[in-house]
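Chain residues, written in single-letter form:
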Amino acid sequence: MPSFDIVSELEVFEVNHAVQNTQKEIATRFDFRGQDVSIELNEKNKEIKISTESDFQCEQVYSMLENHFFKRKVDIQALDPQKMTASGKNVIQIIKLKDGLDSDTAKKINKAIKESGIKAQSSIQGDKIRVTDKKRDTLQQIMAFLKEQQFGVPLQFNNFKD
């Protein structure tokens, strides 16, 4: 029976390249010259830390990061910016990276599939959702339907079996 899995996986090496490219752009930008501006990735905690001298600069660095994410084809929904905090003379913003499907999101996706009216079986299996049906066309309809929806996390479809 044909099936596929719905997952939300973050390509850490692409995120790393996006952060490195943002660092290079910061180094070449005239308006950041002589300023205390930095961006760093903590792969273990899945966080990106932006440290600048003002909230305006912090917003600019975040915008550059989003731009590099887009260029590297990493979904911007994977970014979860936290509130900016002042620390001494610097403004720090932590951006958490969303990786994997949590149970609430998986339930929302499962419910959306069932309410779509498309007849297919879907079940939550840990951090992925397995969708099965007798026809490949039905599975492709579900993929198209889910691409139109917004669940707050980037979705990928893998493990397609005939």
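What counts as what
Residues numbered from 1 in each chain as written. Predicted model: local features only at pLDDT ≥ 70, side-chain atom pairs only at ≥ 80, totals over all residues. Heavy atoms only, no water. Pairing = 2+ DSSP bridges. Helix = DSSP H or I, 4+ residues; strand = E, 2+ residues; numbered from the N terminus. Axes fitted to C-alpha atoms, helices over the stretch in contact; angles between N-to-C directions. Contact = heavy atoms within 4.5 Å. Domains from an automatic or database assignment. Salt bridge = Lys/Arg side-chain N within 4 Å of Asp/Glu carboxyl O. Buried < 20%, exposed > 50% of the residue type's maximum accessible area, 1.4 Å probe, protein only. Expected span 1.5 Å × (residues − 1). Arc of directions from axis to C-beta.

Student: Run through the sheet that holds strand β9 (residues 156-161), naming residues and quoting values.
Tutor: Spatially, four strands are ordered β7-β8-β1-β9 in an open sheet, and the strand pairing comes out antiparallel. In the strand order of this sheet, the two ends are held by β7 (121-125) and β9, each with one partner. Each neighbouring strand pair of the sheet contributes to a mean axis angle of 25°, computed without reference to strand direction. Two strands pair when backbone bridges link them, and strand β1 (residues 3-7) and strand β8 (residues 128-132) are joined in this way by four bridges, in the antiparallel orientation. Within the sheet, the bridge partner assigned to Ser3 lies in β8 and is Thr132. Sitting on the sheet, helix α3 (residues 103-115) touches β1, β7 and β8, and the angle it makes with β7 is about 175°. Packing of helix α4 (residues 136-148) onto the sheet brings it into contact with β1, β8 and β9, and relative to β9 it is tilted by some 175°.

Student: Outline the domain arrangement of the chain, listing residues and values.
Tutor: Here the chain is described as being made up of domain 1 (3-8 + 100-161) and domain 2 (12-97). Relative to domain 2, the C-alpha centre of domain 1 lies at a distance of 31 Å.

Student: Tell me about the pattern of salt bridges, residues and numbers included.
Tutor: Applying the stated criterion across every chain yields a total of six salt bridges. For Glu14, the salt bridge identified is with Arg72, shortest N-O distance 2.6 Å. Taken together, the positions of Glu14 in helix α1 (residues 12-28) and Arg72 in the loop between α2 (55-71) and β4 (79-81) put the pair 58 residues apart, joining distant regions of the chain. What makes Glu14 buried here is its relative accessible area of 14%. Note on Arg72: relative accessible area 29%, which makes it partly exposed. Here Glu25 makes a salt bridge to Arg29, at a shortest N to O gap of 4.0 Å. The network of salt bridges with shared partners includes Asp5, Lys128 and Arg130.

Student: Go over α1 with me, naming the residues and quoting the values.
Tutor: Because each turn of an α-helix spans 3.6 residues, side chains separated by three or four positions end up pointing in the same direction. Look at α1: 25 Å from first C-alpha to last across 17 residues, which is about the 24 Å you get at 1.5 Å a residue. Along α1, the residues that are buried comprise Glu14, Val15, Ala18, Val19, Thr22 and Ile26. Along the long axis of α1, the arc covered by the buried residues comes to 140°, so they all point the same way. When the buried face of α1 is taken as reference, the exposed residues oriented beyond 90 degrees from it are Phe13, Lys24, Ala27 and Thr28. The inward-facing, buried residues of α1 contact β2 (38-42), β3 (47-52), α2 and β6 (90-97).

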